[in-house]
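# Inside the fold
What follows is each chain in one-letter form.
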Amino acid sequence: MRRTYRTEPLDLIQVVNMDQQYPMVHCTAHLTGIIDLERMRRAVRWLTRFIPQILCAYDEKRSRWISSDLTEQDVARLSTGKIHEGKDGEPDLLSGPQFRISVEQCEDSAILYLYGSHILGDGAGFKQMLYLLCEAYNRDDPEWPVPENLRSAAPVLFRHPDYRAGALPEDFTHISLPFERDKLKAPHTMSCSISAPEFSTLRNRVKAFGATLNDLIMAAYAWQLY
């Protein structure tokens, strides 16, 4: 029997411009040591108990997730070596899964290419998924209890002191980010490095403003698009 899961209002933000910007979050991790693929799949199996939408297809017309016959083996697999070109790892969100890991094994190291649905979670949510995946991978107890996953935005909205149902701030101004219509290209991956001293300086400056590194990256991204 197929199960369906409702979407939340914040999920739909990423669907609005899906034809201009595919809602995907991507992480490349270079690791020392070899990845145990079966242990990784066990970790994914635990993660899908916490976030069952991972093994779902996204129904764009009805704005919901529909469970399918996907398993942890569809999520975590060995890379064919084309992952960095976007040909082997990016999941089709309309058919699922919503999260995918490709493992490229080297002689004494490994590279993980991780893709997550931006509909299912934002950058901070994707980071939480990675932390949970690491925790599950490193545990020897496969029956690690699954915590309750509350995705509803209502508790956050209704407890905010400035919340008024149906109201917008008085100084609200509509803004939008430009997209070059009819000039869309296939997504590609860029790689750049920040030195440890530069990273430390950025982190300290960001924390001084009460923000996060994710906030900084998103602000830089929006500014670049603008």
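Here goes a summary of the coordinates provided. (Residues numbered from 1 in each chain as written. Predicted model: local features only at pLDDT ≥ 70, side-chain atom pairs only at ≥ 80, totals over all residues. Heavy atoms only, no water.)

Counting secondary structure elements, the protein contains seven helices and seven strands. Looking at the protein residue by residue over its 226 residues, the buried ones come to 32%. Put simply, 75% of the contacts in the protein that link residues at least 6 apart link residues at least 24 apart. By element, 54% of the accessible surface of the protein is carried by carbon and sulfur atoms, the whole surface being about 15700 Å². (Helix = DSSP H or I, 4+ residues; strand = E, 2+ residues; numbered from the N terminus. Buried < 20%, exposed > 50% of the residue type's maximum accessible area, 1.4 Å probe, protein only. Contact = heavy atoms within 4.5 Å. Areas by Shrake-Rupley, 256 points an atom, 1.4 Å probe, with all protein chains shown as cover.)

Right, let's get into the packing of aromatic side chains. Per the counting criterion, the structure on display carries three aromatic pairs. The interplanar angle of 20° and the centroid separation of 6.1 Å between the aromatic rings of Trp46 and Phe50 together place this pair among those described as stacked. Here Trp46 pairs with Phe50, and both are found in helix α2 (residues 37-50), just four residues apart, close to one helical turn. Classification of Trp46 as buried rests on a relative accessible area of 4%. The interplanar angle of 65° and the centroid separation of 5.6 Å between the aromatic rings of Tyr58 and Trp65 together place this pair among those described as edge-to-face. One cation-aromatic arrangement involves Arg39 over Tyr137; the distance from NZ or CZ to the ring centre is 5.6 Å. (Phe/Tyr/Trp six-rings, centres within 6.5 Å; stacked < 30°, edge-to-face > 60°. Lys NZ or Arg CZ within 6 Å of the ring centre and 35° of its normal.)

Okay, unusual backbone geometry next. Gly96 connects to Pro97 through a cis peptide bond whose omega is 0°. Assignment of secondary structure puts Pro97 in the loop between β5 (76-78) and β6 (99-105). Positive phi, close to 55°, is recorded for Ser63, a residue that is not glycine. Of note, Ser63 is situated in the loop between β3 (56-59) and β4 (64-67). A residue is classified by how much of its surface remains accessible, and Ser63, at 23% relative accessible area, is partly exposed.

A few words now on the nonpolar core. Of all hydrophobic cores here, the largest spans 42 residues; its most connected members are Ile54, Phe99, Ile101 and Leu133. Per element, the largest residue contribution to this core is seven residues, and it comes from α2. Setting aside residues up to four positions removed in sequence, Ile101 forms contacts with Met40, Val44, Val75, Ala76, Arg77, Leu112, Tyr113, Leu114 and Leu133. (Core = buried A, V, L, I, M, F, W, Y, C linked by side-chain atoms within 4.5 Å.)

A few words now on the sheet that holds strand β7 (residues 109-117). The strand order across the open sheet built from four strands is β2-β7-β6-β5, with neighbouring strands paired in mixed fashion. Looking along the sheet, the strands with just one partner apiece sit at the ends: β2 (24-32) and β5. Mean inter-strand twist for the sheet, computed between neighbouring axes without regard to direction, equals 20°. When β2 meets β7, the two strands line up antiparallel, connected through nine bridges. Counted as the bridge partner of Leu31 is Ala110 from β7. Against the sheet, α2 makes contact with β5, β6 and β7, and its axis sits at roughly 160° relative to β5, the strand it touches most. (Pairing = 2+ DSSP bridges. Axes fitted to C-alpha atoms, helices over the stretch in contact; angles between N-to-C directions.)

The next subject is the sheet that holds β4. Neighbouring strands of a sheet are bound in pairs by backbone hydrogen bonds; such pairs are parallel or else antiparallel. Read across the open sheet, the three strands follow the order β1-β4-β3; overall the sheet is antiparallel. In the strand order of this sheet, the two ends are held by β1 (4-6) and β3, each with one partner. Neighbour to neighbour, the strand axes of the sheet diverge by 25° on average, direction disregarded.

Here we come to the environment of Leu70. Among the secondary structure elements, Leu70 is positioned in the loop between β4 and α3 (72-75). For the pair formed by Leu70 and Leu55, sequence separation is 15 residues and the distance between their alpha carbons is 5.6 Å. Setting aside residues up to four positions removed in sequence, Leu70 forms contacts with Leu55, Ser95, Gly96 and Pro97.

For Thr48, the position within the fold is in helix α2. Residues in contact with Thr48, not counting those within four places in the same chain, are Ile54 and Leu55.

Running from N to C, α2 and helix α4 (residues 123-138) point in directions that differ by 125°, and their axes come no closer than 8 Å. Classed by the angle they form, the pair α2 and α4 counts as oblique. The two elements α2 and α4 meet at a crossing, and its hand is right-handed. Contact with α2, carried on its side by Arg39, Met40, Arg42, Ala43, Val44, Trp46, Leu47 and Phe50, involves Met129, Leu132, Leu133, Ala136, Tyr137 and Asn138 of α4 and no other residues of that element. Class assignment for the residues of the contact of α2 with α4 results in 11 nonpolar, one polar and two charged. (Parallel < 35°, antiparallel > 145°, perpendicular 65-115°, else oblique. Left-handed = near helix turned anticlockwise from the far one by under 90°. Nonpolar A, V, L, I, M, F, W, Y, C, P; charged D, E, K, R; others polar.)

Geometric descriptors of this kind do not, in isolation, establish any biological role.
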